[in-house]
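Spelled out, the chains give:
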Amino acid sequence: MLKANKNLMITSYNFYFCHIEIYEDYVKAIMKEGITVLPEHNDVLLLITEKHFKNKPFVYITHRINSYAVNPTVYLETAKISNVIGFAVVSADHRQKIQTKLEKAFFNKEFKQFDTMELALKWKDNMIKKYRNQKIV
């Protein structure tokens, strides 16, 4: 029996502030150049997660390939999405690594920074596996 590839994109959305890709167990967001991510942007994320991940755990991955600002209070709202079990920032940029340390203080769930998408996806797989194993116990 063939195993489905959970890393195949299901659908994607283009918004004025970002491009979002939906996968089986994660969301990948690429913010647009020059924007400031604000708490109200979470309204869009909430609608998407309710549509695609209702009662299903997922990881949010932001691939920081553009330059933009983040209001760190956005993470207070993101953490309220009950089935977000982790947040990953993908960027090899030194300034982004420093920024990520600040942002992490506002997010009360797993929050990690990675240099590559490959490493972030491995972590995501471990997070999903860990979550499912905890639910079985």
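All chains use their own residue numbering, which begins from 1 and follows the written sequence. Only residues with pLDDT of at least 70 get local features here, since the model is predicted, and only at 80 or more are side-chain atom pairs given and counted; chain-wide, interface and lining totals rely on the full set of residues. To get the side-chain values, all heavy atoms of the structure are used, and hydrogens and water are removed first.

S.K.: Could you give an account of the pairing of strand β1 (residues 11–14), with specific residues and numbers?
M.R.: The side chains of a regular strand alternate, residue by residue, between the two faces of the sheet. Of the pairings in the sheet, the one linking β1 to strand β2 (residues 18–22) comprises 4 bridges and is antiparallel in character. Following the sheet pairing, asparagine 14 is matched in β2 by histidine 19. Here a strand pair is declared whenever DSSP counts at least two bridges between the two strands. Strands are runs of DSSP state E lasting at least two residues, helices are runs of H or I lasting at least four, and both sets are numbered from the N terminus onward.

S.K.: Break down the sheet that holds strand β7 (residues 84–90) for me, citing the residues and quoting the values.
M.R.: With respect to topology, 6 strands assemble into an open sheet ordered β1-β2-β3-β5-β7-β8, the strand pairing being mixed. Since the sheet does not close on itself, it has two edges, and those belong to β1 and β8 (110–114), each with one partner. Here the strands of the sheet are splayed against their neighbours by 15 degrees on average, with no regard to which way each runs. Residues are treated as being in contact if the distance between any of their heavy atoms lies within 4.5 Å. What counts as an axis is a line fitted to C-alpha atoms, over the stretch in contact for a helix, and the angles between N-to-C directions run from 0 to 180 degrees. Along the sheet, helix α1 (residues 42–52) contacts β1, β2 and β5 (58–63); its crossing angle with β1, the most-contacted strand, is approximately 165 degrees.

S.K.: Describe helix α3 (residues 94–104), with residues and values.
M.R.: Buried within α3 are the following residues: Gln96, Thr100 and Glu103. Seen from one end, α3 has its buried residues packed into an arc of 65 degrees, which puts them on one side. Exposed side of α3, more than 90 degrees from the buried face: His94, Arg95, Ile98 and Lys101 are the residues found there. Looking at the buried positions of α3, the neighbouring elements they touch are β6 (69–70), α2 (74–78), β7 and β8. Polar contact is the term for a pair of N or O atoms within 3.5 Å; when the atoms are in protein, one must be able to donate a hydrogen and the other to accept it, and sequence-neighboring residues count only if both atoms are side-chain atoms. Capping of α3 at its N-terminal end is provided by aspartate 93; its side-chain oxygen lies 2.8 Å from the backbone amide nitrogen of arginine 95. In this scheme, a residue with accessible area under 20% of its type's maximum is buried, one over 50% is exposed, and one in between is partly exposed, where area comes from a 1.4 Å probe on protein chains only. Throughout, the arc means the angular range of directions from the helix axis out to the C-beta atoms.

S.K.: Just give me the short version of the pattern of salt bridges, but keep the residues and values in it.
M.R.: What counts as a salt bridge is simple: a side-chain nitrogen of Lys or Arg found within 4 Å of a carboxyl oxygen of Asp or Glu. Taken as a whole, this structure holds 9 salt bridges when the rule is applied. Here arginine 64 and glutamate 103 are joined by a salt bridge, their closest N and O atoms 2.7 Å apart. Of the two residues, arginine 64 sits in the loop between β5 and β6 while glutamate 103 sits in helix α3, which places them 39 residues apart along the sequence. You'll find arginine 64 and glutamate 103 in the same group, each marked buried. Residue lysine 122 is joined to glutamate 118 by a salt bridge in which the shortest nitrogen-to-oxygen separation is 3.8 Å. With a gap of 4 residues between them, lysine 122 and glutamate 118 both fall in helix α4 (residues 117–136), about one helical turn apart.

S.K.: Give me empty space enclosed by the protein: which residues, what numbers.
M.R.: Summary: where empty space remains is shown by rolling a probe the size of a single water molecule over the atoms. Detection works on a 1 Å grid of protein atoms alone, calling trapped sets that fit a 1.4 Å probe cavities and calling open sets with protein on both sides within 12 Å along at least five of seven lines pockets, with lining residues defined by an atom within 4 Å of a point. Grid points are joined across faces, edges and corners, and a volume is the space filled by probe spheres set on the points. Inspection of the entire model under this criterion finds 1 cavity of 30 Å³ or more. As a volume, the largest cavity reaches approximately 180 Å³. In terms of lining, the largest cavity is formed by 18 residues, of which the most central are Met31, Val37, Asn42, Tyr60 and Val74. Looking at which element gives the most residues to the lining of the largest cavity, the answer is α2, with 3 residues. A per-class count over the lining of the largest cavity returns 13 nonpolar, 4 polar and 1 charged. When residue character is reported, Ala, Val, Leu, Ile, Met, Phe, Trp, Tyr, Cys and Pro are called nonpolar, Asp, Glu, Lys and Arg charged, and the others, Gly included, polar.

S.K.: Talk me through the side chain of lysine 28; I want residue IDs and the actual numbers.
M.R.: Along the chain, the position of lysine 28 falls in strand β3 (residues 26–31). You can call lysine 28 buried: its relative accessible area is 14%. Those residues in contact with lysine 28 that sit more than four places away from it in its chain are His19, Ile20, Glu21, Tyr23, Ile61, His63 and Met117.

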